[in-house]
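Here's the letter readout for the chains.
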Amino acid sequence: GNRALFILHDQLNLAVFPRELLDCKPILIFVESLAYAIAIPHHKQKLVYMLSAQRHFAISCHQKGFSIVSLFTEGAYADALEEFLTRYPHIELTYMQPSEWNTRSQMAKLANIFGKRIKALPNQFFIADIEKFKPKIKKGYRLETFYRELRKQTGYLMQEGKPIGGNWNYDKENRKALPKQIIVPEIPEIKPDLITQEVIALVQKYLPHTFGKLDKFIYAVTRDRALELAQLFVETRLSRFGAYEDAIKVGEPFLFHSVLSIYLNNGLLLPREICEMAIAAYEKELAPLNSVEGFVRQILGWREYIRVYYEAKMPDVRESNYFGFDNNLPQLYWDANTDLLCLKDAITQVLNYGYSHHIQRLMVLSNFSNLVNTDPRHLNHWFWLAYVDAYEWVELPNVLGMSTFADGGILASKPYVSAGNYINKMSNCCAQCKYNVKEKTGETACPFNYLYWHFVDKHRESFTDNGRVSLMVNAYDKKTENEKQEIHLFATKFINEIK
Ligand code: FAD
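Just so it is clear, the model here is predicted, and its values are computed rather than measured. (Residues numbered from 1 in each chain as written. Predicted model: local features only at pLDDT ≥ 70, side-chain atom pairs only at ≥ 80, totals over all residues. Heavy atoms only, no water.)

Caption draft 1: Structural detail: the packing of helix α13 (residues 289–313) against helix α18 (residues 392–403). At a closest axis distance of 9 Å, the pairing of α13 and α18 adopts a crossing angle of 90°. One element, α13, and the other, α18, form an angle in the roughly perpendicular class. Mapping the contact onto sequence places Trp-302, Arg-303, Ile-306, Arg-307, Tyr-309 and Tyr-310 in α13 and Glu-392, Trp-393, Val-394, Leu-396, Pro-397, Asn-398, Gly-401 and Met-402 in α18. Grouping the amino acids of the contact of α13 with α18 by side-chain chemistry returns 9 nonpolar, 2 polar and 3 charged. (Axes fitted to C-alpha atoms, helices over the stretch in contact; angles between N-to-C directions. Helix = DSSP H or I, 4+ residues; strand = E, 2+ residues; numbered from the N terminus. Parallel < 35°, antiparallel > 145°, perpendicular 65-115°, else oblique. Contact = heavy atoms within 4.5 Å. Nonpolar A, V, L, I, M, F, W, Y, C, P; charged D, E, K, R; others polar.)

Structure representation (structure tokens):
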């Protein structure tokens, strides 16, 4: 036929493409772009995952009777497609709007060259209607309002227009510290098959200097396996997801988290089906409401909200730096070489798995970076390359909007910074750390302590719109002159000396 469909590396699911189009059996085009792979030094496991998942998906499409064209280019996606369309002038190409800005711009240029031969479909990998919500994203439009609208729209956990259980939120029952003796169910490691092994060898050979380790690759690369992992999460970890959502344990990267973002973000799994699996578990009394609501809020709420934010704020948001910080990201983010155990543990996990859970990303890695006045754009770059689940549309709003307050408070109401006692409450790091979390200042004091108070004083204006947190500014002001001096002395010294 004359019709071809380009499927991007993060769109690996035929279920979201229009039936009529698939029924015509278009040629499916896949591109492996070296320019994309080396644009930033992506974690090696991310490169392996992206390539292997795409190759597996292409093969599964072929088995369903589609003709496949697999292109390799040293350039960008659009370069390969331009060459292809030039060589085969009878072919008409359809593609789905890319989630990421740069690829979208490339595709738009292609449309300029080939005009009517190119057709773009709206991106169908998300739940929220972009055009409806985009105009609402401004200061003060918070997740909660958005989330409730989507609950009503989807009917998820709703009964006669009201939230099941009577509340929209059960966080009072969540965010507990982990009991000492708790046994964390294991996540099975998927053994790399021949295709994945080939891709691993390719990355090791041609991209040996990018971020992270590749000794052990445990992720699924097909939809079937990813679905099994999702089912296993629902059966063995979802029931405790809510309670221990914010807990950190040294040497335990996954705890009761789903570890599904990787599969959601390239289409192997779809957000609706994962929400529905969790809700079915609640209905079968396999998991309590506080966990299921908490989990659905992450996907239906946060994930969708973050994506609308990206659509509303790009491209200017890329440059945001509200506090005007200009320090480089400390070296320890690249090699985990630090005596601060919470940081060492989180970064070791990132090097080993390209993963750490949400509270480590927010309250350890971003918190510290902000407290030492790192340029948030450097942190943003790091998050983009260091995680297997990182694509610009999702990591950028989380870093520049949520975790560093770089956008000045459009996404979050206050900077997410904390002293050592928060980390101590939520983890077992401090008990084993070289630094003392109880000491406020001094050579052996936990640096988060003086860095935090220094930050609160310096940036007090950013805390004032929120009653709860401006308590901290008052608490700072009540300290003695001597305490204040010590705080600034130690903080300034630490910030100046960290490399
Ligand atoms: P779970 O804890 O099991 O949560 C379930 C799902 O909810 C996740 O799979 C994810 O799809 C969704 N979710 C939860 N929180 C968020 C959120 N804030 N934004 C978007 N989706 C969310 N998530 C990414 O997918 N890619 C990123 O690059 C990324 N970068 C982040 C950077 C920072 C600084 C922070 C604070 C958060 C970031 N997140 C990112 C969000 C979140 O931390 C991850 O989605 C989550 O840790 C993935 O692990 P999981 O699948 O085990 O999640």
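Still more ground to cover, so stick around.
Caption draft 2: Up close: the domain arrangement of the protein chain. Domain annotation of the protein chain identifies domain 1 (3–121), domain 2 (130–185 + 237–313) and domain 3 (332–497). Look at where the C-alpha atoms of domain 1 and domain 2 centre, and you get two points 31 Å apart. In this assembly, 13 residues from domain 1 lie in contact with 9 residues from domain 2. For the pair domain 1 and domain 2, the summed buried surface comes to about 840 Å²; carbon and sulfur atoms form 50% of the total. For the interface between domain 1 and domain 2, the tally reads 1 salt bridge. Put simply, domain 1 and domain 2 have 6 residue pairs in polar contact (both at pLDDT 80 or more) between them. Breaking the side of domain 1 that touches domain 2 down by element, the ones donating at least two residues are α3 (44–63) and α5 (101–114). Of the residues belonging to the side of domain 1 that touches domain 2, the class tally is 6 nonpolar, 4 polar and 3 charged. (Domains from an automatic or database assignment. Buried area = accessible area lost by both parts, 1.4 Å probe. Salt bridge = Lys/Arg side-chain N within 4 Å of Asp/Glu carboxyl O. Polar contact = N/O pair within 3.5 Å; in protein donor to acceptor, adjacent residues only side chain to side chain.)

Caption draft 3: Seen up close, helix α7 (residues 143–154). With 12 residues, α7 extends 16 Å between its outermost C-alpha atoms, agreeing within 8% with the 16 Å of an ideal straight helix rising 1.5 Å per residue. The complete set of buried residues in α7 reads Leu-143, Phe-146, Tyr-147, Leu-150 and Arg-151. For α7, the angular spread of buried residues about the axis comes to 140°, placing them on one side. Those residues of α7 hidden inside the fold are in contact with α6 (130–133), β6 (158–159), β7 (162–163) and α13. Phi turns positive, to about 75°, at Gly-155, one or two residues after α7. (Expected span 1.5 Å × (residues − 1). Buried < 20%, exposed > 50% of the residue type's maximum accessible area, 1.4 Å probe, protein only. Arc of directions from axis to C-beta.)

Caption draft 4: Structural detail: the sheet that holds strand β3 (residues 68–73). Read from one edge of the open sheet, 5 strands run β3-β2-β1-β4-β5, paired in parallel fashion. Strands with a single pairing partner mark the edges of an open sheet, and in this sheet they are β3 and β5 (118–121). The sheet shows a mean angle of 25° between the axes of neighbouring strands, taken without regard to direction. Bridging between strand β1 (residues 3–6) and strand β2 (residues 27–33) involves 3 bridges; their strand directions are parallel. Note that in β2 the partner of Leu-5 across the bridge is Leu-28. Taken strand by strand, helix α4 (residues 77–87) contacts β1, β2, β3, β4 (92–96) and β5, and its axis lies near 135° from that of β2. (Pairing = 2+ DSSP bridges.)

Caption draft 5: Local environment of the packing of helix α16 (residues 358–371) against α18. The geometry of α16 relative to α18 is characterised by a closest axis approach of 11 Å and an angle of 60° between their N-to-C directions. One finds that α16 runs oblique with respect to α18. α18 is crossed by α16, and the crossing has right-handed handedness. Together, His-358, Leu-362, Ser-366 and Asn-370 of α16 and Asn-398, Met-402 and Ser-403 of α18 make up the contact between the two elements. Among the residues forming the contact of α16 with α18, the class breakdown is 2 nonpolar, 5 polar and no charged. (Left-handed = near helix turned anticlockwise from the far one by under 90°.)

Caption draft 6: Representation of the nonpolar core in the model. Judged by nonpolar contacts, the single largest core of 176 residues is most densely connected at Tyr-219 and Tyr-263. Looking at which element gives the most residues to this core, the answer is α13, with 11 residues. Other than its neighbours up to four places away in sequence, Tyr-219 contacts Gln-45, Ile-190, Phe-254, Val-259, Ile-262, Tyr-263, Tyr-353, Tyr-355 and Val-388. Ala-243, Ala-247, Leu-255 and Phe-256 belong to the second largest nonpolar core, which has 8 residues in total. (Core = buried A, V, L, I, M, F, W, Y, C linked by side-chain atoms within 4.5 Å.)

Caption draft 7: Examining the site of the ligand more closely. In the vicinity of the ligand there are 29 residues, among which His-257, Ser-258, Val-259, Asn-265 and Tyr-355 approach most closely. Within the side chain of His-358, one N or O atom sits 2.8 Å away from an oxygen atom of the ligand. Asp-389 places a polar main-chain atom, nitrogen or oxygen, 2.9 Å from a nitrogen atom of the ligand. A breakdown of the residues in the shell around the ligand according to their chemical character gives 15 nonpolar, 10 polar and 4 charged. The residue makeup of the shell around the ligand includes at least three contributed by each of domain 2 (130–185 + 237–313) and domain 3 (332–497). (Near = heavy atom within 4 Å.)

Caption draft 8: Inspection of the packing of aromatic side chains at higher detail. Scanning all chains against the criterion turns up 36 aromatic pairs. Seen from their ring centres, Tyr-141 and Tyr-305 are 6.4 Å apart, and the 45° between their planes marks the pair as tilted. Of this pair, Tyr-141 sits in the loop between α6 and α7 while Tyr-305 is found in helix α13, placing the two residues 164 residues apart along the sequence. Judged by centre distance (6.0 Å) and plane angle (85°), the rings of Trp-382 and Tyr-387 are edge-to-face. For Trp-382, a relative accessible area of 0% gives the class buried. One aromatic cluster is present, formed by Phe-211, Tyr-333, Trp-334, Trp-382, Phe-383 and Tyr-387 through successive ring pairs. A cation sits over an aromatic face here: Lys-25 above Phe-66, 4.5 Å from the ring centre. One cation-aromatic arrangement involves Lys-414 over Tyr-416; the distance from NZ or CZ to the ring centre is 4.8 Å. (Phe/Tyr/Trp six-rings, centres within 6.5 Å; stacked < 30°, edge-to-face > 60°. Lys NZ or Arg CZ within 6 Å of the ring centre and 35° of its normal.)

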